[in-house]
Amino acid sequence: MRFRAKIVDLACLNHFSRVINTIAKLAKTCTLRLTVSKLYFILSDKVANGGVSMWCELCQGNFFDEFQIEGVAAEHNEIYLELVPENLSRALKTAQSAKAVKIKLSNKHCPCLRVAVELPSLSSSTRIVTHDIPVGVIPRRLWNDFREPSVTDFDVSIYLPVLKTMRSVVERMKNLSNSIVIEANTNGEMNLKIETDLVSITTHFKDLGNPPWESEDGCQSSAQGRDLERVAEARIDIKKLQQLLAGQQVNPTKALCNIVSKKVVHFILLHEDVSLQYFIPALA
């Protein structure tokens, strides 16, 4: 089992670093799945037990100049590692003006991701700062626990308002309540609501638009045939929503959410070369 990769382009390095910072804000530990063409950061707390789930997908070709992997077997050319993303984020912080960063799976005393940062130096010799990040290797028999979460047929799908605006609204509301209700309909309208014994506050967003989705038979299913005024809603933990909005360091080109009434809110943030899905279960 081998893995080595190298980033030389500074823009790619900074972009990768921002993605890892975002992951570190969303998960204390997560699974890193390495395949020939992609990297996945996975958090699979069981939504049924009240935990959030995350699925972040990156195309390695958009970040790495070199990328080599030998998985556990020829027919399973993948590696699954458990790691603390904050450790990787810290290592990459030392690389902001690096000439190159090499990442390698090593096993000196225990399995580690070795991050070697080549820094520019005034003399002809190069300075290399090395970080060894401990990882756990996840055995093949457990891989099925880390499949992409599937979304049951949602009631409403809607584009999100500008995330900065949404973040400032949620930050103000979180001082007043532990939970927030997200409501949306297929007419491009969304409300963020908190209700306590003392206060009831609603922020309205309109003209957000609803994404067209292809149904199983390949037909476009948009708002047509659905009741435009029908509202889907879910009450979720406000801190978990705030964590998602505050952690965003990669400005998504598209952001939307799917609501399964009273069950789960599924957020999808898309950037050209990164997609992040985040699932927050509804509170009873």
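Residues numbered from 1 in each chain as written. Predicted model: local features only at pLDDT ≥ 70, side-chain atom pairs only at ≥ 80, totals over all residues. Heavy atoms only, no water.

Caption draft 1: Main features of the domain arrangement of the protein. Considered domain by domain, the protein is made up of domain 1 (2-145) and domain 2 (156-211 + 229-281). For domain 1 versus domain 2, the distance between C-alpha centres works out to 29 Å. The partner domain 2 presents 19 residues to the 20 residues of domain 1 that form the contact. For the domain 1 and domain 2 pair, buried surface summed over both sides reaches about 1700 Å², with 60% attributable to carbon and sulfur atoms. Among the residues of domain 1 in contact with domain 2, Lys25, Leu26 and Val52 are the three that bury the most area, contributing 30% of the side total. The interface formed by domain 1 and domain 2 includes zero salt bridges. Between domain 1 and domain 2 we count five residue pairs in polar contact (both at pLDDT 80 or more) in total. Of the residues contributing to the side of domain 1 that touches domain 2, the split by class is ten nonpolar, seven polar and three charged. (Domains from an automatic or database assignment. Contact = heavy atoms within 4.5 Å. Buried area = accessible area lost by both parts, 1.4 Å probe. Salt bridge = Lys/Arg side-chain N within 4 Å of Asp/Glu carboxyl O. Polar contact = N/O pair within 3.5 Å; in protein donor to acceptor, adjacent residues only side chain to side chain. Nonpolar A, V, L, I, M, F, W, Y, C, P; charged D, E, K, R; others polar.)

Caption draft 2: Here's a closer look at the packing of helix 1 (residues 10-26) against helix 2 (residues 85-93). Viewed as axis vectors pointing N to C, helix 1 and helix 2 meet at an angle of 150 degrees, and their least axial separation amounts to 8 Å. With respect to helix 2, the axis of helix 1 lies roughly antiparallel. The hand of the helix 1/helix 2 crossing is left-handed. Mapping the contact onto sequence places Leu13, Phe16, Ser17, Ile20, Asn21, Ile23 and Ala24 in helix 1 and Pro85, Glu86, Leu88, Ser89, Leu92 and Lys93 in helix 2. Residue composition of the contact of helix 1 with helix 2, grouped by class: eight nonpolar, three polar and two charged. (Axes fitted to C-alpha atoms, helices over the stretch in contact; angles between N-to-C directions. Helix = DSSP H or I, 4+ residues; strand = E, 2+ residues; numbered from the N terminus. Parallel < 35°, antiparallel > 145°, perpendicular 65-115°, else oblique. Left-handed = near helix turned anticlockwise from the far one by under 90°.)

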